[in-house]
Amino acid sequence: MSGYTLETFTRHALRMVSSGDQLSIEAADLLVRRLGEPVMASPMARLLQGRATSPHYVHESDRVLLDDTAGMAAARKCPVGELPALEPGGPREYIYFDPARTRVGIVTCGGLCPGLNNVIRGLVLELSENYGVTDIVGYRDGYRGLVSGEEPMRLTPALVADIHNHGGTILGTSRGGQDPAEILTTLVRQGVSVLMVIGGDGTLRGAEELADAAAERGVVLSVVGVPKTIDNDIPYIDHSFGFQTAFARATDSIRAAHTEASSTPNGVGLVKLMGRHSGFIACYAALANHDVDFVLIPEVLFGLDGDAGFLCCLRRRVQRHGHAVIVVAEGAGQDLIARDGARDASGNLRLADIGQLLRERITGDFAAAGTELSLRYVDPGYAIRSVPANGYDAVYCLRLAQAAVHAAMAGRTAMVVGRWHGRFVHLPISLATGSRNQVDPNGDLWMSVLEATGQPPRFS
C-alpha cells in the first residue's frame, strides 16, 4: 500500500469530520422504521430461494456499508459489525400487508422531472402483477389532492400501460405544504394503508411528518418515498432519477451554443442550466459535450472583475481561440446579485437571474475593451425537465419503483429507496433530507471539469 498504514488512513479520513459530514453519521441514524413484524409469506418468496449475498445481490439479512474507503472505516475505530450500514432493498421472504386487503395511494409532488410517469407505472405494475394488489389509487395535483375532497384516480395496469412514453405526470403535481393531520384524515377515511410519495426534499419532509402523525394516532400507515430531484441534490443516493436524461438533453443546448459561437467572430455561447444549489447538471453536461470552456456552479464562488476575474479570463480565451462557451447553473453567482428575499410556494428563496447578469456584464466588458462580441444566450430551462425519460432512467425508475413496493409491503415506513454504491437500499427520510448533495470543489468530479475546460480553479 505504498507505505500507507491504518494510522495514515485514519488521519486522512478524520480531516473529513465536521458537522454534516458522512463520518458524523452513526449506525442508529440509518435504522428504518417498521410497522410491525412481517409474518405473511410473500408472493415474491419464490424468487429468493437459494440466493445469498454476492457482488450482485444483498440478502435481506445483510447490510450495505455506508463508508466505501478503508480510511473512513478505520476512522470510526469500531468492529466491522458495528460500522454504519444501510438496510438493503429488494423483495422479502415475509411481508406485513395482506395484498388482497391493502389499498395503496400514489402521489407526485413538486416540479416536473423526467421519469415521473415511469415510476407511477412501475409502482402499479409491481403492486398488481407481482403482489396481487388490486386497489391502487392516485391523488391528483400533489398533496393538494389529499385535502381537496376530490375522489382519487383509480390506477390499473391498462391505464398506465404506455404513460412512460410521455413526459410529466398523469397525476399532476403542485408545490406548497398541506396539513399532515388533514392528509392523514383523508387516508384513514379512504382506507389507504400504503402511500407512495414521489418528490423532492420538501415533499419528503411532509411524508415524514405524515408518518409521524400516523404513529401518534396509532394509524397503521406505510409511507415510502421515491426521491425526485432533477438537480441530483438528495444525499446518500448515487443519483436521482431523471438526472441522466436532464444532463443528456442539456448537451443539445450546449452543442447549439457552440455551433453559434464558433461560426461568428468573437462568438460567445452562454447556456444557463438548472441547479439551484447543486451544479451537477452543469458539470455532467459540460463533460458529456467537451466543447465547454467555462463552468460556473453554486458550490464554487467566482469574481467577475480584475485580472484574475471571470470576465478578463473569458476575453483572453476568446482572443486566443476566437470563441468560447460558458455553462452556468441557475444558482451560481447569487452573491453577486441583490435579491428581494421573496420565496416560492415551496418556501425556497427565489433566485436572481444569473444568466441576465452575465449577459450584461460580458457585453459591457467587451465594449469597454473595444472588442467585438457576438453573444448567444440559451436557456433551455423547463424544456429539459418535461421530456420523457431516456433508456437509462427508464430502467432506473422501474427498479426504484420495485424497491419501493417491496419495502412498503414489508411494513417499512418513513423511508426512501435509492441506490448507494450500486446497491439498492432503504434510507430513513431524515437522512435523505438532513443535508444536500453538492459538487465537492475538492472532489474528483470538479477536478474532471477543470481538466476538460482548462479554466482556472478560481476566479477572483
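Heads up: these notes are all about the structure in this document. (Residues numbered from 1 in each chain as written. Predicted model: local features only at pLDDT ≥ 70, side-chain atom pairs only at ≥ 80, totals over all residues. Heavy atoms only, no water.)

Take the sheet that holds strand E6 (residues 103-108) next. If you walk across this open sheet you meet the nine strands as E3-E4-E17-E16-E10-E9-E6-E7-E8, and the pairing is mixed. The strands lining the two open edges of the sheet, one partner per strand, are strand E3 (64-65) and strand E8 (153-154). Sheet topology note: the E6/strand E9 (residues 194-199) ladder contains five bridges and is parallel. The residue bridging Val-107 from the neighbouring strand is Val-197, located in E9. With respect to the sheet, helix H5 (residues 201-217) is in contact with E9, strand E10 (222-227) and strand E16 (415-420), its orientation differing from that of E9 by roughly 160 degrees. (Pairing = 2+ DSSP bridges. Helix = DSSP H or I, 4+ residues; strand = E, 2+ residues; numbered from the N terminus. Contact = heavy atoms within 4.5 Å. Axes fitted to C-alpha atoms, helices over the stretch in contact; angles between N-to-C directions.)

Between its terminal C-alpha atoms helix H6 (residues 243-262) stretches 28 Å, which fits the 28 Å expected from 20 residues at 1.5 Å a residue. Residues of H6 that are buried include every one of Phe-243, Thr-245, Ala-246, Phe-247, Ala-250, Thr-251, Ser-253, Ile-254, Ala-257, His-258 and Ala-261, and no others. Those residues of H6 hidden inside the fold are in contact with strand E11 (267-273), helix H7 (280-289), strand E13 (323-329), strand E14 (374-378), helix H10 (382-385) and helix H11 (391-409). (Expected span 1.5 Å × (residues − 1). Buried < 20%, exposed > 50% of the residue type's maximum accessible area, 1.4 Å probe, protein only.)

All right, on to the pairing of strand E17 (residues 423-428) then. Most of E17 sits out of view: five of its six residues are buried. Judged from the two bridges that link them, strand E4 (residues 85-88) and E17 form a sheet pairing that is antiparallel. Across the sheet, Glu-87 pairs through a bridge with His-426, a residue of E17. As paired strands, E16 and E17 are joined by six bridges and run antiparallel to one another. From the neighbouring strand, Trp-420 faces E17, where its bridge partner is Arg-423. Counted between consecutive antiparallel strands, the loop separating E16 from E17 contains two residues, among which His-421 sits at a positive phi close to 55 degrees.

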